[in-house]
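Spelled out, the chains give:
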Amino acid sequence: MEGTNFGLRNVSSHCSISDMDDYDLSRLLDKPRLNIERQRSFDERSLSELSIGLTRVGLDNMDSAYSPGGRSGFDTPASSTRNSFEPHPMVAEAWEAIRRSLVFFRNQPVGTIAAYDHASEEVLNYDQVFVRDFVPSALAFLMNGEPEIVKNFLLKTLQLQGWEKRIDRFKLGEGAMPASFKVLHDPIRKSDTIIADFGESAIGRVAPVDSGFWWIILLRAYTKSTGDLSLAETEDCQKGMRLILTLCLSEGFDTFPTLLCADGCSMIDRRMGIYGYPIEIQALFFMALRCALSMLKPDGEGKEFIERIVKRLHALSYHMRGYFWLDFQQLNDIYRYKTEEYSHTAVNKFNVIPDSIPDWVFDFMPCRGGYFIGNVSPARMDFRWFALGNCVAILASLATPEQSVAIMDLIESRWEELVGEMPLKICYPAIESHEWRIVTGCDPKNTRWSYHNGGSWPVLLWMLTAACIKTGRPQIARRAIELAESRLLKDAWPEYYDGKLGRYIGKQARKYQTWSIAGYLVAKMMLEDPSHLGMISLEEDKQMKPVIKRSSSWTC
């Protein structure tokens, strides 16, 4: 099917998008919206001002700060010339590699392919533009003052959302965003055609739940970076957000505010036992809801969605902060749980059997620190650490300031396990032997300490860096970036690394993986100019009070 280039109408509106990420939710429906104002940028502040739980001075206005780009040259980030940091030689190599991966539709850049590895025998779908994969590339271009490609991507995927989506005669929800798309060039007819994949071609035939969330998050990042409200205010973007929200806010039989998901629906796109309520999806869900809340216009249908979002955010934050959080004290409490409790007075609300707690977690849990566990559902708690979900929880302020500090404490305490020789473990620990056979279906790519099963993914470096800056711990990010710089370029930018310490290039890892390259660039630019954090970070809502009333883990 040949793609058409729909231009979105510029709709004038009396109600502009507000900058309400840190606005009191209880007052959302009654108060007028505020326009974005330029605030004192982070490059005028000391990093010590960014410390959560120590000083709140520099954080209160983070959301309303917009980080303008402005390129200093073709191959180097603009931030390099504004700061005293000496650019690493890898930076120019990274920019050259990321520009090679650009995909054009009718002579306009619309994204970057997943990998530029021509040495690989099987291309598979690595020559396509993935929604989740493009996010770090988009952030790199925004930080470098090149927003046009991001705008083109947002509009093109929005157009694809409107396509009818059928898999084996079954129609997907109208709001579903594609996992990826490919541009086919016909040199004879001089035409370009787009082919989108909504899961019908994916391994396992699983539709991505996270694509829609990343799209909303990226739309806000574009708005914050450019200060341009007009794109998000168009009726097409407003409708696109509402369609995504319709899918994830639909009512059903579930008694939890979390979002029920299948295995393989996120970055962990193969069967890894994350079915149910995976932390990655819940954190992205929370962040997308808050981003949409700041961009939806409070007129007509928008007002109804704002009301639904406000209610869901309160319930979701209560549930996640209370039931998904694990620290030393909470682990001890679960260890002493009674089972078969009935009525509202039950302490063990999900009937978790204490004997199901894996042995490794008792040694893994430090006295100071904590994290959001992988999954919580009836009679089942997945105690594994998942990097993306915990980092996004910090950035979205799903984690309280105290919980954010505790996650950083955990990373420092368990550096060898979670970071090792190449940032960052996607999950910990790996599942092995009989459990691996049952959970993964004997997946040969997800053997222990490989790929999604405890592999190390350089792309996660940008999320770790953003979380470190937000919590006032830039030294952690600097240490992780130095590790990456010691090998990434030399190893030709692999997709992932294998082994307990991430010492070996992944057995099936593609080289010149675009998001490994972009993740490094974003981490470097963000550390050099922390004002960029504003486009991807949300401050804590004052109305969402922590519900944990037990003793804190860091006092043990």
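Here, every reference points to the structure presented above.
What you are looking at is a predicted structure, and each value in this text was computed from that prediction instead of being measured.

The strand order across the open sheet formed by 3 strands is β3-β6-β7, and the pairing between neighbours is antiparallel. If you trace the sheet from one side to the other, it starts and ends with β3 (129-130) and β7 (191-197), each paired once.

Compared with an ideal rise of 1.5 Å per residue, which puts 15 residues at 21 Å, helix α18 (residues 514-528) spans 21 Å between its outermost C-alpha atoms and is within 8% of the ideal. Among the 15 residues of α18, 15 are classified as buried, and the element is accordingly described as predominantly covered.

The subject of this paragraph is the packing of helix α4 (residues 148-161) against helix α5 (residues 210-226). For the pair α4 and α5, the least separation of the axes is 10 Å and the interaxial angle reads 145°. For α4 against α5, the interelement crossing comes out left-handed. Touching V150, K151, F153, L154, T157 and L158 of α4 are W215, L218, L219 and Y222, all from α5. Broken down by class, the residue content of the contact of α4 with α5 amounts to 8 nonpolar, 1 polar and 1 charged.

With that settled, the discussion passes to helix α7 (residues 235-248). Its 14 residues give α7 an end-to-end C-alpha distance of 20 Å, which sits within 8% of 20 Å, the value for a rise of 1.5 Å per residue. All of the buried residues along α7 are C237, Q238, G240, M241, R242, L243, I244, L245 and C248. In this fold, the buried residues of α7 make contact with α4, α5, α6 (230-233), α8 (279-295) and α9 (301-324).

Within the secondary structure layout, L521 lies in helix α18. It is 8.0 Å that separates the C-alpha atoms of L521 and W462, two residues lying 59 residues apart in sequence. Sequence-distant contacts of L521, defined by excluding residues within four places in its chain, comprise V91, A94, W95, I98 and A140.

Applying the stated criterion across every chain, the model contains 16 salt bridges. Where E96 meets R100, a salt bridge forms, and the shortest distance between an N and an O atom there is 3.8 Å. With a gap of 4 residues between them, E96 and R100 both fall in helix α2 (residues 89-100), about one helical turn apart. Here E96 falls in the partly exposed class, since its relative accessible area comes to 46%. Here E485 makes a salt bridge to K524, at a shortest N to O gap of 3.1 Å. Here K524 lies in helix α18 and E485 lies in helix α17 (residues 474-485), a separation of 39 residues in the sequence. The same class applies to E485 as to K524, namely buried. Among the charged side chains, a network of salt bridges with common partners joins E235, R242 and E301.

What counts as what
- Residues numbered from 1 in each chain as written.
- Predicted model: local features only at pLDDT ≥ 70, side-chain atom pairs only at ≥ 80, totals over all residues.
- Heavy atoms only, no water.
- Pairing = 2+ DSSP bridges.
- Helix = DSSP H or I, 4+ residues; strand = E, 2+ residues; numbered from the N terminus.
- Expected span 1.5 Å × (residues − 1).
- Buried < 20%, exposed > 50% of the residue type's maximum accessible area, 1.4 Å probe, protein only.
- Axes fitted to C-alpha atoms, helices over the stretch in contact; angles between N-to-C directions.
- Left-handed = near helix turned anticlockwise from the far one by under 90°.
- Contact = heavy atoms within 4.5 Å.
- Nonpolar A, V, L, I, M, F, W, Y, C, P; charged D, E, K, R; others polar.
- Salt bridge = Lys/Arg side-chain N within 4 Å of Asp/Glu carboxyl O.

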